[in-house]
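# Commentary on secondary and tertiary structure
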Amino acid sequence: MTNSMNVDKYYVGVDLGGTKILCGVFTSELEFIGKAKKTTKPERGYTVVKERIVRCIREAVDECDLELKHIRAIGIGSPGSIDEDKGSVIFAANLNWTNAPLREDIQKRMKIPVFVENDCTVCTLGIYERELKCEPVSMVGIYLGTGIGGGLIIDRKVFSGFNNTAGEIGHMIIDVGGPRCTCGNKGCFEALASRTAIYNKLREAMNAGQETVLEELTSADLKKMKSGDLKKAIKQGDRLVETVVAEVAEYTGIAVANVINLLNPEAVVLGGGLIEALSESMMEIIEKTAREYAFSGAGKGVKILPSRLGDNAGIVGAAVFARNRAG
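Just so we're clear, the structure is a prediction, and the values are computed from it rather than from any experiment.

Once that is clear, we can look at the overall build of the protein chain. Check the secondary structure of the protein chain and you find ten helices and 13 strands. Its C-alpha atoms give the protein chain a radius of gyration of 20 Å, near enough to 20 Å, the size a compact globule of 327 residues would have. Based on the C-alpha atoms only, the size of the protein chain along its principal axes is roughly 60 × 50 × 35 Å. The contacts of the protein chain with a sequence gap of at least 6 include a subset with a gap of at least 24, amounting to 61%. Accessible area for the protein chain stands at about 15500 Å²; split by element, carbon and sulfur atoms hold 47% of it. Considering the protein chain, the positive charge centre built from 41 side chains and the negative charge centre built from 42 side chains are found 4 Å apart.

Now the structure itself:
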């Protein structure tokens, strides 16, 4: 909390996810002031989620002893494909939204300029500015969680592609004969290395008679499994979880190699809940595999590293996006 009023402009960054809404307040220099958090409850529909975003923003601002009049702009990182000009969510599967006028609706309620962008894109923007200090000319962000997303910085600018869909790294085909992805294709990176993929692999192994301490950690409901539970299981010597996580890390390394071969960025930064919880178990395998599969010479000097921002990457990036767009 702060009582300081010597900064004229504050920005709110909103990280909108399928399970939680996180709102952070920042100065124009990206100094973190405070935040608030709410569950998303997407099953209740767009109108309810929209109101929960508004309440979360108000609570975050109040937590900082500020008023809405002190906020210059609000940035929102939303899952799905985004019409950046309109600030609408064209489609977001985990929210069950189609053509949701998010910018217009939030701006109408808050009376503050609102800017909306894809959540992985704003995470990449936040990492690029806060962690990498805007030094690399190019970088790629890869985020492993319930699904897998990505973001691209090329020539020091966010690259969104012709149809604003660039960065869908999770739907890069790794194994054409692999498991079916939620997008309908087979063998997507997301179907092989996301937390959902880990759940599916573990469930299949358990049905075949293999044992895991996750049954105890999740009270026999594996659907409640979190990334932190996987870390606990490995620390307890769970060989099944260790094997599955190592396999996921190897697939991730192959994906990183593909990105290096295609774009040859200066840095590849990995984030998301899986990396935050399992960096010690995964990063060595990811980097080793990536360098093995990268085209000869392509990986030389390319940094492959985990993000240190963790859960705050989204709100930092959304605040950066709001500041850049609002001026």
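This brings us to the sheet that holds strand β5 (residues 81–83). Strands sit in the order β5-β6-β7 across an open sheet of three strands; the sheet is antiparallel. With partners counted over all chains shown, the strands left at the sheet margins are β5 and β7 (97–100), one partner each. Pairwise comparison of adjacent strand axes, ignoring direction, gives a mean angle of 20° for this sheet. As paired strands, strand β6 (residues 88–92) and β7 are joined by three bridges and run antiparallel to one another. In the strand pairing of β7, V89 is matched with A100.

If you walk through the whole model with that rule in mind, you get eleven salt bridges. A salt bridge links E59 to K38; the shortest N-O distance between them is 3.0 Å. One end of the pair, E59, is in helix α1 (residues 46–63); the other, K38, is in strand β3 (residues 32–39), and 21 residues separate them in sequence. Judged by its relative accessible area of 35%, E59 falls in the partly exposed class. The salt bridge partner of E51 is R109, with a shortest N-O separation of 2.4 Å.

Take a positive patch on the surface next. Together, K35, K37, K226 and K232 make up a positively charged patch on the protein surface. In this structure, K232 sits in helix α7 (residues 227–235).

Here G149 is to be found in strand β10 (residues 148–154). Here G149 falls in the buried class, since its relative accessible area comes to 11%. Measuring from C-alpha to C-alpha, the distance between G149 and R239 comes to 28 Å, with 90 residues separating the pair along the chain. Filtering out sequence-adjacent residues up to four positions away, G149 remains in contact with C120, G141, I142, Y143 and G167.

Bringing the nonpolar core into the picture now. Counting residues in hydrophobic clusters, the biggest one holds 47 residues, and the most contacted among them are I142 and L202. Of all the elements in the fold, those that place two or more residues in this core are β9 (139–144), β10, α4 (189–193), α5 (195–207), α7, α8 (239–263), β12 (267–271) and α9 (273–293). In terms of residue count, α8 provides more of this core than any other element does, twelve residues in total. Aside from chain neighbours lying at most four places away, what touches L202 is L214, L222, M225, L230, L240, V241 and V244. If you look at the next biggest cluster of nonpolar residues, it comprises 34 residues, including V14, L16, I74 and V114.

What follows is about α8. In a regular helix each residue adds 1.5 Å, so 25 residues correspond to 36 Å; α8 covers 36 Å between its end C-alpha atoms and thus fits that length. A positive backbone phi angle near 50° is found at N264, which sits one or two residues after α8.

Before going further, it helps to examine the sheet that holds β12. Ordered by their spatial adjacency, five strands build an open sheet running β11-β10-β9-β12-β13, and the pairing between neighbours is mixed. Here the strands that pair on one side only, and so sit at the sheet edges, are β11 (157–158) and β13 (303–306). With four bridges connecting them, β12 and β13 associate as parallel partners. Looking at β13, one finds that V269 is bridged to L305. On the sheet, helix α3 (residues 119–131) packs against β9, β10, β11, β12 and β13 and is oriented at approximately 50° with respect to β10. Together, β9, β12 and β13 form the strand contacts of α9, whose direction differs from that of β13 by roughly 160°.

This paragraph deals with the state of the cysteines. Counted under the stated rule, the structure contains zero disulfides. As a non-bridged cysteine, C56 has C23 as the owner of its nearest cysteine sulfur, 3.3 Å distant. The class of C56 is buried, set by a relative accessible area of 0%. Left unpaired, C64 is separated from the closest cysteine sulfur, that of C23, by 11 Å.

Parameters and conventions
- Residues numbered from 1 in each chain as written.
- Predicted model: local features only at pLDDT ≥ 70, side-chain atom pairs only at ≥ 80, totals over all residues.
- Heavy atoms only, no water.
- Helix = DSSP H or I, 4+ residues; strand = E, 2+ residues; numbered from the N terminus.
- Rg over C-alpha atoms; globule rule 2.2 N^0.38 Å.
- Contact = heavy atoms within 4.5 Å.
- Areas by Shrake-Rupley, 256 points an atom, 1.4 Å probe, with all protein chains shown as cover.
- Lys, Arg positive; Asp, Glu negative; His and termini not counted.
- Charge placed at Lys NZ, Arg CZ, Asp CG, Glu CD.
- Pairing = 2+ DSSP bridges.
- Axes fitted to C-alpha atoms, helices over the stretch in contact; angles between N-to-C directions.
- Salt bridge = Lys/Arg side-chain N within 4 Å of Asp/Glu carboxyl O.
- Buried < 20%, exposed > 50% of the residue type's maximum accessible area, 1.4 Å probe, protein only.
- Patch = residues over 30% accessible without salt bridge, like charges linked within 9 Å, V, L, I, M, F, W, Y side chains within 5 Å.
- Core = buried A, V, L, I, M, F, W, Y, C linked by side-chain atoms within 4.5 Å.
- Expected span 1.5 Å × (residues − 1).
- Disulfide = S-S within 2.5 Å.

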